[in-house]
Amino acid sequence: MVNYGQEAYDFLEKLSFSRTSGSELEHKAANMIADEIKSYGLAPTLEPFEVKWDRPVHALLKVTSPVEETFTVTGLINAADTPEGGCDAEFTYMRLIDELTLRQAKGKFVLLNDRPSEENYKKLMKAGIAGFLWMNGSSRDTYENSDLDTMRYRPSYLKHGKVPGFAIRMIDAIKLLRLKPQTVHFELKTEEFKSTSYNVVTMVPGTDLKDETIAVGGHYDSVEFSLGSWDNGAGTVQVLGLLKHLSQHPPRRTVKAILFGSEEIGLEGSKAYMAAHPEEGESLLCMVNLDVGGNLLGSEFAMVTATSAAEDYLRGILKEGGFSLELKPGVMSSDGTVFADYTVPAINFASYTPRQGGYMHTRYDNMDMISADVLDHEVRQLIYVFARLTDAEVFPIERKISEEMQKDIVKYFGEGRSQTEKRKKGEKPESEGKAEEN
């Protein structure tokens, strides 16, 4: 019996280094993946796309009364700069974002418990806050075992306005609150950053049904500080395991594989791919996305962004094949949702871990908890699902997104940013022309 897991594990070990959007190491990872695909006798291409944002280059937060103390913070990507010399404001801790606290927040610098939802962000902007700070990490962190991420506004938030925004370690937020701060001084300066990211694209031609195409993919980039073994090196090697199998066992339908760059900064790779290939929004039968897996602890699940019939079909064939996983409808914050926004039914495979059994987006996302046996199981599950999808006499999933799911997609991307919303208004889908090949 073929051991898919050990080969996947070995490549994942090589891929486990920080691969942030637009970095040289992300480009290195793209080339490694392309070389691996070439070894299967397939012909990958690298499709470049530009990534840009306003990144913080200087961030400072200082309590000015009743005592003076400076805290380590990071500025948020795409936040508003302060005037030269910074700003001074009264401080308040908003334990809740409600009518009362919003009324009291005007002109103040506010500490939040967590990243606000878009609705709460809109309320904060309307309330006229001077700036805000949210907590990162846990109350049991130490400086030695934690990192302070450079976090970002979601693009859909920006239409509501911008103010200076910062992140602080939770352990420092506790220290700050114990000072009972009345006023603070804060400074933020950003600069525009531009770079190139890459999608790695390849195709396994079908046999007698080659004109019908199914997509499979997953992102290969990581966040800073993280080695990205779980998120999403594991999804990447699952796609590679499928490609190697299909290269040796040609499918009836064509399979197009895309390994996405820059997912972690807002699904930019899949957005760039669909903008460059809008015709695939009309022709792809479905998209299967892999995001996080391989963890020794936990269980697999799938989120279906399509119809209840598609969900029922997938549940049935998985039971028939002897694969146990949680299955539910929904919109997953991953690349499959971009395809669903272009009306392509999306199936997203991932894995849960028990509480504190996995540490996504931290330095602890590494090979320590990755299992070759779990990877083997996940690759076999993917191969089984594709065998059913590629070789069925009639494609078994209707090319349709339910009305309820369309509403959830529009809500996920935010007002004015969804292709589903544009289509309902009679507008054409976004297109930037085909990406050049490198």
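Since we're looking at a predicted model, the values are computed, not measured.

Relative to the assigned elements, Asp335 resides in the loop between strand S13 (326-329) and helix H10 (336-341). A C-alpha to C-alpha distance of 15 Å links Asp335 and Lys256, two positions 79 residues apart in sequence. With residues up to four places along the chain from it excluded, the contact list for Asp335 reads His219, Phe260, Glu263, Leu267, Ser270 and Asn289. Within the local environment of Asp335, its side chain forms a polar contact with the side chain of Ser270, the two groups lying 2.5 Å apart.

Before going further, it helps to examine the packing of aromatic side chains. Overall, the coordinates contain 15 aromatic pairs when judged by the stated rule. Judged by centre distance (6.2 Å) and plane angle (20 degrees), the ring pair of Tyr273 and Phe339 falls under stacked. Taken as a pair, Tyr273 in helix H7 (residues 268-276) and Phe339 in helix H10 lie far apart in primary sequence, 66 residues in all. What makes Tyr273 buried here is its relative accessible area of 1%. For Phe339, a relative accessible area of 0% gives the class buried. Taking 5.0 Å as the distance between ring centres and 80 degrees as the angle between the ring planes, the aromatic pair formed by Tyr412 and Phe413 counts as edge-to-face. The class of Phe413 is buried, set by a relative accessible area of 8%.

The predicted structure's coordinates, where accompanied by low pLDDT, should not be read in detail. Mean pLDDT over the protein chain works out to 94, with 98% of the residues at or above the 70 mark. Across residues 432-438, where pLDDT falls below 50, the model places 16 contacts with residues more than four positions away in sequence or in other chains.

Moving on: the pairing of strand S8 (residues 183-204). Strand direction decides the pairing type here: strand S1 (residues 45-65) and S8, joined by 19 bridges, are antiparallel. Paired with Asp54 across the bridge in S8 is Glu192. As paired elements, strand S4 (residues 87-94) and S8 share four bridges and run antiparallel to each other. Note on S8: the bridge partner recorded for Glu90 is Thr183. For S8 and strand S10 (residues 253-260), the ladder comprises five bridges, and the chain directions are antiparallel. If you follow Val200 over to S10, its bridge partner there is Leu259.

Each value, and the rule that gives it
- Residues numbered from 1 in each chain as written.
- Predicted model: local features only at pLDDT ≥ 70, side-chain atom pairs only at ≥ 80, totals over all residues.
- Heavy atoms only, no water.
- Helix = DSSP H or I, 4+ residues; strand = E, 2+ residues; numbered from the N terminus.
- Contact = heavy atoms within 4.5 Å.
- Polar contact = N/O pair within 3.5 Å; in protein donor to acceptor, adjacent residues only side chain to side chain.
- Phe/Tyr/Trp six-rings, centres within 6.5 Å; stacked < 30°, edge-to-face > 60°.
- Buried < 20%, exposed > 50% of the residue type's maximum accessible area, 1.4 Å probe, protein only.
- pLDDT = per-residue confidence, 0-100.
- Pairing = 2+ DSSP bridges.

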